[in-house]
Each structure stands twice: as C-alpha cells, then as structure tokens.
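Tertiary structure, described
Residues per chain, in single letters:
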Amino acid sequence: MRKVNLGKTIQEFYEEGIKDEYLVMNIVEQYLGGKTYKSSKEDDIYKHIDFYWNSPKKGLIGIDVKGVKRNGRNDKEKDDSINWIELQGVTGFPGWIYGEAEYIAFRTNKDIIFVKRNTLVEFAEKTVKGKDTVYRLPKECYVPYQRYGRKDKVFKCKTEDLRKLSENNGFILTLND
C-alpha cells in the first residue's frame, strides 16, 4: 500500500478507502466476472474513478467507491444508514457526484449498492434544490452542509433511498460474512 504524507487521521481515512476499493474490486470480479484494475492517480483525482471494470458484456466501466462513514465527525461508530454526497469538493470544484464514473458503489455492512452516477445527480439536484446551505452539521438528511471556512458542500442521503435508486438501472451485491 502506498503511503501518502498526510496527517494521522487523514492517513487512516485514506487507508480505509483503499481497502474498500480493493474489496469492491474483488467482489465485482467474483460475482460479475471480467477484470478490474485500479485507476491512475489522475483519474482518481480528476475523474473521480477509483477503478475500472472490464465488463464481459459492456466493456470498460469506471466506478467510484464510497465506504461506510460516520454520521458526524465526532461519532465513534460508522453509520451505514446514511451516506454523504459531495456536491462541491474541498477545492471548490464540482464534487465527486459530477465526476466521470458510470457507477458509484456505496459500501454498507452487508452489501454494495451500485447507483448510476447520472441517476444520483438527478436525484441529488431535485432533492436539495432551493434549500439553504447550513454551516452547522444537520441532523436531517437532504440539507446542504458546508463546513465553516471550507469550500466543500455535502448532504446526507438515506441508504434506503440509494437502494431504491439502484433498482432502476443499478444493482446490489451482497457481502459474504
């Protein structure tokens, strides 16, 4: 695993993310066939693609992986009932939801939910449209949130809503214990 010069907490998040990516890559190959390979650093940063899957039926597909996150920064436990959706990144540029991945793969404790990125964009824009951005962590879902002094903008989304979105043109893969 590549070490990156980051603070301790950020390094831990980075390493967890890499583990999630490789887990999803292995599950995709195991259940769906084809081959997966890690994206380049540039594709990861600029296209928001964590890995490519060479699907036997559809060819090359870019996938962005999202692991289980905490509901709030100070929470000790991760919460797989919600997911954070990034509308705008820390640099001020469009968030990962506007990247070039075909699918966003949301990991939960029991499965991986694959949602077409463009379907998620439509849902996100419709859901948060017209809502004011708040600067204190909201308890509710679908409230645009921006950390004070930062450029990023995110909102919490219910995992069950992602499951519903995957029913149309996504899919779900169950994790084995």
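Residues numbered from 1 in each chain as written. Predicted model: local features only at pLDDT ≥ 70, side-chain atom pairs only at ≥ 80, totals over all residues. Heavy atoms only, no water.

With phi around 55°, His48 is a residue other than glycine that occupies positive phi space. If you trace the backbone, His48 turns up in the loop between α2 (41–47) and β2 (51–55). (Helix = DSSP H or I, 4+ residues; strand = E, 2+ residues; numbered from the N terminus.)

In the structure shown here, the tally under the stated rule is ten salt bridges. We note a salt bridge from Asp64 to Lys66, for which the minimum N-O separation is 3.3 Å. Both residues of the pair, Asp64 and Lys66, count as buried. Notably, a salt bridge pairs Asp152 with Arg147, separated by 2.7 Å at the nearest N-O pair. (Salt bridge = Lys/Arg side-chain N within 4 Å of Asp/Glu carboxyl O. Buried < 20%, exposed > 50% of the residue type's maximum accessible area, 1.4 Å probe, protein only.)

Glancing now at the pairing of strand β5 (residues 103–107). Most of β5 is tucked away, with four of its five residues classed as buried. In this sheet, β5 lies alongside strand β3 (residues 59–66) in parallel orientation, the contact comprising four bridges. The residue of β5 that forms the bridge with Ile63 is Tyr103. In the sheet, β5 pairs with strand β6 (residues 111–116) via five bridges, with the strands oriented antiparallel. Counted as the bridge partner of Arg107 is Ile112 from β6. Linking β5 to β6, which pair antiparallel, is a turn of three residues. (Pairing = 2+ DSSP bridges.)

So, on to the confidence of the model for the protein chain. Of all residues in the protein chain, 92% attain a pLDDT of 70 or more, and the chain-wide mean is 91. When mean pLDDT is compared element by element in the protein chain, β6 scores highest at 98, while helix α1 (residues 8–32) scores lowest at 83. (pLDDT = per-residue confidence, 0-100.)

A separate point is the packing of helix α3 (residues 117–128) against helix α4 (residues 159–169). The contact between α3 and α4 brings their axes to 10 Å, and the two run at 135°. As summarised for this structure, α3 and α4 are arranged oblique, according to the angle between their axes. The handedness of the crossing between α3 and α4 comes out as right-handed. Along the contact surface, α3 presents Thr119, Leu120 and Phe123, while α4 presents Asp161, Leu162, Leu165 and Asn169. Considering only residue class, the contact of α3 with α4 consists of four nonpolar, two polar and one charged. (Axes fitted to C-alpha atoms, helices over the stretch in contact; angles between N-to-C directions. Parallel < 35°, antiparallel > 145°, perpendicular 65-115°, else oblique. Left-handed = near helix turned anticlockwise from the far one by under 90°. Contact = heavy atoms within 4.5 Å. Nonpolar A, V, L, I, M, F, W, Y, C, P; charged D, E, K, R; others polar.)

Further remarks concern the sheet that holds strand β8 (residues 171–174). Taken in spatial order, the six strands make up an open sheet running β1-β2-β3-β5-β6-β8, and their pairing is mixed. Single-partner strands in this sheet number two, and they are β1 (35–38) and β8. For this sheet, the mean inter-axis angle between neighbouring strands, taken without regard to orientation, is 25°. Across the sheet, α3 lies against β5 and β6, angled at about 80° from β6, the strand it touches most.

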